[in-house]
Structures are given as C-alpha cells and as structure tokens.
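# Structure assessment
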Amino acid sequence: MKISIAHLYAPYLNIYGDIGNIITLVNRCRWRSIDVNLVSVSACKEIIGQDFDIFFIGGGQDKQQEVIAQDLAKYKIEFEHRVNDNAVILAICGGYQLLGHYYKPHAGDKLPGISIIDAYTEASYTRMIGNVVVELLDKSTLVGFENHSGKTYLAAGVKPIGKVRLGAGNNGGDGFEGANYKNVYGTYLHGSLLPKNPQFADLLILKALQRKYDINELEPLVDEFENLAHNLAVGLKR
Amino acid sequence: MNNLNNLEKLALYIGKTLIFLTKLTKISQGTNLPGKVSLKLAPALFQKLSKDKAIIAISGTNGKSTTSGLIYNCLTANGFKVVHNRQGANLITGLTTTLINASNLFGQIDCDYLLLEIDEATLPNVSSQSQIDYLVVTNLFRDQLDRFGELDTTKKLIEKGIINSQITLILNADDPNVCQIEARDNKKVFYGLDSANIVNSQTGNQTRELAYCKLCNCEIAYHSVFYNQLGDWYCPNCNNKRPLPDVIIASLEAKGIDVQAKAIIDLKEYKLTYSLPGLFNAYNISGCLALSYALNLNIDKTLEGLLKYKPLFGRSEIIHLHNQNIIIQLIKNPAGASLALSSIKPDEIIIIAINDNLADGRDISWLWDTQFELLNHHQNKIIVSGKRLYDMAVRLKHANFDKTKIICLPDLKVAIDEGFKQANGKGNLRILPTYTCLLELQNIFKDLGYKMSGLN
C-alpha cells in the first residue's frame, strides 16, 4: 500500500513541535510497511496535479499566518474538490483557523479562510495556554497542549472533535474542542498531537488508505510508550 | 544614602532576615522568596536599591548565565567591584533578592557595576525602574512559548525594555532577529563569529527560526549559516545585511578541555584560551568581549578573566566523580538541545530528564522540534527520566532509536544510579536535564559527594 502526504507551508508553520505529527504519520505507516510519499509544500500551487491522501497544516506566528492565508485563499475551490474526494486534512491551531470562513485579528483586516469548516475565529485578549484533555463521543480521550488567543466559533450543526475535560478548547466558552467535517479535522492541540494519541493517528491513516484500498482496519502496533505518555497526560494539571 | 523610607527599611531588614534564614535552614535556595516578600511590602525597593548604579543587563534566550558569568570574571579581573545575580534568578523577585543581599542596612550597595541577567519578560519592568547602561542581547530562539506566546512577542519585550537612547546595546550581529531589534539612536556594538573560519554546523533539517528583513519584510537569506538562524545573513530584496561585527571570534580549536581561539576586536587580533566547548560558547565569549570593548576594559586583564572562568554546574563542564567522566548539559529549547545532541559520541551512556514545571516550560512540544534523530544510531542504552519521561521515550522511538534500548526510570536518583552502573567507569555519562531536573541533579550530586564550583 502507498500513502501520499502533503505538509502544507512546512517552512513557515513550524512552531510548537507540530512536525511531530508528520513524523508520527510517516513512522506509523512505515512500521506497517506502507510506502510513504511525503512532500513539503511551501506554496499551494505545488499541489496542483498531484494526488494527496493527507494534507497537514500546522500552527505559526501571526506574521507568517498572514502570508499563508493569502496564498491558501486562492485554492479554496481546489480544497473543496479534495475534501469531496475524501482527502484527509489535519489542521492545527493557526492552520485550523484558516479552514473556517475567516480570522479576525485585533488590528487590520480579516484574514480569509477557505470555508471548509462552517466556523469563524476572532482574536481575543486572553491567551489560552495549558494542558488539554478532550473527551470524544466514544469516551476515549485526546491529550495535548493549547496556546492560542484566537477564539473559534462553530456554526450550528458543525461537529466538534470532542468536549474539553481540561482546558479552553475552541473558545473557552462552549466547552468544545476542534471541528470535524468529512475527513477534515481541525484542532488547537499541540503537544505534538499525534505521537501520544496513536489511535487518532491511525484513524487518519485508515481513512486516507480507504480512499484507494478496501480495508477496514490497520495492522496493530505495540504502543507501550505512547499509551504511558497518553495516560500520564490525561492526569496532568492545567 | 538611597533615602529609604521606614517601610522600605523594614522590607530590607525582612529580606535580609529571610536570606539568612533560608541559608541557615537550606529549605530552599532562597533566591526569590526574600525579594518577593520585600517587594510586597515595599514595591519600590528594587528601584531604590539600584538607583544611580551602573547597570549591565544580559537578556536573550540562550547563554544569559554563561555570558554574564564571563563578564563577571572580566570585570573583577579589571579590578571592579561587581554585584551579580549569579544563581540565575532573573525575575524581578530574584534581582531584588540579589540587591537586598548586597546592600548594607542603609540600603547602600558598594559596587562599581550591577551585573544582572534578566529574563526577557522582566526586562521592561527593570528598565522602567532603573536606567540600564549596557544591554547585551544574546539571541532569540523559541523557548517557553507557553509563557511568551510567540517569538515575535519575545522580541517586542526586549524592544520595550530599550526605554531610551542612553542604553548602549551589545547585539549578536549573526542573529537577524536580535540584530534588527528596533532601537532609538542607541549606540550599538555588534558581535559575532567569523564566516570564513566557521564551517556550516547546521545539523539535519533542524527547525530554523524564520527571520524577515525589517526594511522590506522579505525573508532573510544566508551566505553561510553557523547555527540555526545565526549566520552571515542578508536580505535578497534590498541592501539590508549583517553589519560587520566589532568583535569577532575566529578559528576555534579544541585543546583537551580548553579552547584556543582568535578574537578580532576593532580590527585588532588577539589570542585567547578558555574552557568552554562548542560553537555556542564562542558566542558567549564574543558577547562578553563586546561588552568589555564597549566598557574599554584592559584587554590583557579581560583575557585573564576569561581563562579563569569555570562553567556553571550543568553547563557542559566535565565532572569526575566515582571514577566516572560525566558531562551535564542543560537542555531547554530545540536550538540548544540539538547542539548538545550533536556532540554526543556513540559509546556514551545518556540520561535525558524532562520535567514540565513552569521553569522548564509547561509545553514539551519542543521535544519534537529537537533533532533527537541525531541519536538514531546510538549504540548504548538511553535512560529517560523526569515527569515527562514517556513523552521522551515516544520521541526517541520516533527518532528511530531502538526502542528496546530505552530504559524508563521516573525517579532521577534511580536513573543516575542506573547511569553509573551502565557506564561502569568507561566513556562518558552524559546527562541532559531540563532546568528543574538540573536543580534536582545538583542535590543528587552533592549527596554523592561532588563539590560544586558554581551553582545555578
């Protein structure tokens, strides 16, 4: 089997260890002998004409986000097609904000999003920083660390990833964290997210492979350290 | 006489009593508490005690402690009396404790210079209370973003600290973020390394801080990269480029535990010897010499001061204890940690100890920006310890280090014992702790009978 991953704006959105997500996706495929084609993308024109199973977009600083938002906005239709074609997208923090309709900073114009997720984000004066534990529908958990001042509001009917057991999540108000539409996942969780949430990493890999292959599950891996790290993080203080 | 009012006198006495008591009882290091209590009582105490003193401030992400320690040696070698927060407590509470300790009962401090290592976020506060005369900015890397939010924020804090044009700025010319700090018409002295003699030491696809030209906002490019975003930089779009440093370190050569180097100060060449390994310490030396140059110190005495410098505990000195060579290197952010990893030999026993207390940085995401891949062919076992040991184990596994060779020991004392056992007197035992693990280590080593030369 083969999987193709695009790391969007890799040179720019490289803060808070988000590269750990790419490392995890690549390794968890390779450990199962799945071939990985990883492409580091610095501008979206580079994805045209290439099929990708997974797109990853990380968080960055405000300055970098401006440049990226302008570039990404030009490929709104492109990404609509990709999403309808069941591509998996994982977007963290700043990247997540750009999947909504817009990001409104304190000063200056709104940064356009690509409206894949029916949501918007506004800058706030509280910086939400600390450990996060998210509870999913099946009662399993995601653990990570958030660090953002943008507050994201989901439109009615948009599925969050889960409820925050610890931490602020999307906006510190409604108790939700992240958003999910089709195979698109946006979240504020750094940490990195995927290394110590291996089940979630595998969910993304499985959905990506199902675009091309008739499979229902992945070959299991031994996740002893991952599970220890996860369980320890579930018990952390804010 | 600093005209302390009665409340301030009381605060000073209480502070002094607390310093005495913490020393006596050894309950804590007592570097912050006395200042904290005294400032509660008399908020202007720092301002009063530091009034009219010549202040040298050291700030930036990495190298603050070592650079200020070097400066201390050079100033004293030149015959100056210096008060220095050498234990590295660099928040306002720690700075105030240092002043309380140095002051007599009338609030007078007998010294020529206050030498203060200052946390980036504390700098604006200090600067608004007392006139800083010299400010050394070492570098700006991502570090403790859980406190500062973003790297740009850290830079803005330093800019906020440059409150007027009377501060002479000693800036790292090779770091485009430091070099381009917004200042008024402050006098600037630049320091750096020599591009011709320092080979590109960039290891792997290390995460590099992006830098932008302050004139045209274009991304900075490099003629040569020395380390992370430090190098001979230029703007590909306009004429902006690295200024020629006033102080340059060239041709580093390791001689045993000593380094022999050449310094070019204001176009004149000097030979120097010091016992701090590595490229990063060359920057600390360069920054120290730049300040000495700004102060017009006697160069021979300054070089003597450098030669006598002993590294702080945990800042890459080589320790001999129980027939074992031990190297302890504080790790706290990707830039410094990756550099520390690049100097490890394959036959060493490694202990990595990761905590996530406030002083370590609560967010351990930085482990993923650090090049642990440098260890993927490491022959020996690696012991992981600290509160976040399993995150470290996961990181090593993903760096393709053989996971069966990872030993998880949460208790640092147990981990150290195992390290000694594994190393068995041979090779180096290499310990890489985060800050609060280093403090723990200090006590463990004291209990093992090690005599500290410099404490953190």
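Shown above is the structure to which this text applies.
Criteria and cut-off values
Residues numbered from 1 in each chain as written. Chains lettered and ligands numbered in written order. Predicted model: local features only at pLDDT ≥ 70, side-chain atom pairs only at ≥ 80, totals over all residues. Heavy atoms only, no water. Contact = heavy atoms within 4.5 Å. Buried area = accessible area lost by both parts, 1.4 Å probe. Salt bridge = Lys/Arg side-chain N within 4 Å of Asp/Glu carboxyl O. Polar contact = N/O pair within 3.5 Å; in protein donor to acceptor, adjacent residues only side chain to side chain. Helix = DSSP H or I, 4+ residues; strand = E, 2+ residues; numbered from the N terminus. Buried < 20%, exposed > 50% of the residue type's maximum accessible area, 1.4 Å probe, protein only. Pairing = 2+ DSSP bridges. 1 Å grid on protein atoms, 1.4 Å probe; cavity = no way out; pocket = protein on both sides within 12 Å on 5 of 7 lines; lining within 4 Å. Points joined across faces, edges and corners; volume = space filled by probe spheres on them. Axes fitted to C-alpha atoms, helices over the stretch in contact; angles between N-to-C directions. Parallel < 35°, antiparallel > 145°, perpendicular 65-115°, else oblique. Nonpolar A, V, L, I, M, F, W, Y, C, P; charged D, E, K, R; others polar.

### A few points about the interface of chain A and chain B
Opposite the 39 residues of chain A that make contact, chain B presents 34 residues. Broken down residue by residue, the surface that chain A buries against chain B is led by A:Gln61, A:Lys63 and A:Phe225, which jointly contribute 20%. On the surface where chain A and chain B come into contact, there are three salt bridges. A salt bridge links B:Asp391 to A:Lys196, with the nearest nitrogen and oxygen atoms 2.8 Å apart. Where chain A meets chain B, there are nine residue pairs in polar contact (both at pLDDT 80 or more). The set of elements that each furnish at least two residues to the side of chain A that touches chain B consists of α1 (19-30), α2 (62-73), β7 (119-135), β8 (141-154) and α6 (224-234) of chain A. For the side of chain A that touches chain B, the leading source of residues is α6(A), giving seven residues.

### What about the pattern of salt bridges?
This structure, assessed with the given rule, holds 29 salt bridges over all chains. Residues B:Asp52 and B:Lys51 are paired through a salt bridge, measuring 3.8 Å at the closest nitrogen-oxygen approach. Under the relative-accessibility criterion, B:Asp52 is labelled exposed at 70%. In this structure, the salt-bridge partner of B:Arg242 is B:Asp174, at a minimum N-O distance of 2.5 Å. One end of the pair, B:Arg242, is in the loop between β8 (230-234) and β9 (247-255); the other, B:Asp174, is in the loop between β5 (168-172) and α9 (176-179), with 68 residues separating them in the sequence. Since its relative accessible area comes to 10%, B:Arg242 is described here as buried. It is possible to trace a salt-bridge network through shared partners that takes in A:Asp51, A:Asp53, A:Asp85, A:Arg211 and A:Lys212.

### Focus: helix α14 (residues 389-398) of chain B
Across the ten residues of α14(B), ten count as buried, placing the element largely inside the fold. Turning to α14(B), its buried residues number three or more, namely B:Leu389, B:Tyr390, B:Asp391, B:Met392, B:Ala393, B:Val394, B:Arg395, B:Leu396, B:Lys397 and B:His398. The secondary structure elements touched by the buried residues of α14(B) are α1 and α6 of chain A together with β14 (349-353), α13 (366-369), β15 (382-385) and β16 (406-408) of chain B.

### Observations regarding the pairing of strand β4 (residues 88-92) of chain A
Residue and element names in this part refer to chain A. Burial runs high along β4: five of the five residues are buried. On β4, burial covers both faces: Val88, Leu90 and Ile92 on one face and Ile89 and Ala91 on the other are all buried. Both strand β3 (residues 54-57) and β4 contribute to a ladder of four bridges, which runs parallel. Along β4, the bridge assignment pairs Ile54 with Val88. Relative to strand β12 (residues 184-187), β4 runs parallel, the two sharing four bridges. Looking at β12, one finds that Leu90 is bridged to Tyr185.

### Side note on empty space enclosed by the protein
Residue and element names in this part refer to chain A. Counted under the stated rule, the structure contains eight cavities of 30 Å³ or more. Here the second largest cavity defines a volume of roughly 120 Å³. Elements with a contribution of two residues or more to the lining of the second largest cavity: α2, α4 (94-99) and β8. When residues in the lining of the second largest cavity are grouped by element, the largest group, four residues, is from β8.

### Some points on the packing of helix α1 (residues 6-25) of chain B against helix α5 (residues 92-102) of chain B
All names here are of chain B. Remark: α1 packs on α5, axes separated minimally by 9 Å, with the N-to-C direction vectors making an angle of 95°. Considering the angle they form, α1 stands roughly perpendicular to α5. On α5, the residues touching Leu12, Gly15, Lys16, Ile19 and Lys23 of α1 are Thr97, Ile100 and Asn101. Class assignment of the residues belonging to the contact of α1 with α5 gives a composition of three nonpolar, three polar and two charged.

### Some thoughts on the sheet that holds strand β2 (residues 82-84) of chain B
Residues and elements named next belong to chain B. Across the sheet, nine strands lie side by side as β2-β3-β1-β4-β5-β6-β9-β10-β11; this open sheet has mixed pairing. Of all the strands in the sheet, the pair left with one neighbour each is β2 and β11 (268-274). When the angles between neighbouring strand axes are averaged without regard to direction, this sheet yields 20°. The pairing of β5 with strand β6 (residues 188-193) spans four bridges and is classified as parallel. Opposite Leu171, over in β6, you have Phe190 as the bridge partner. Sheet strands in contact with helix α4 (residues 64-77) are β1 (55-59), β2, β3 (113-117) and β4 (134-137), and its direction is about 165° off that of β3.

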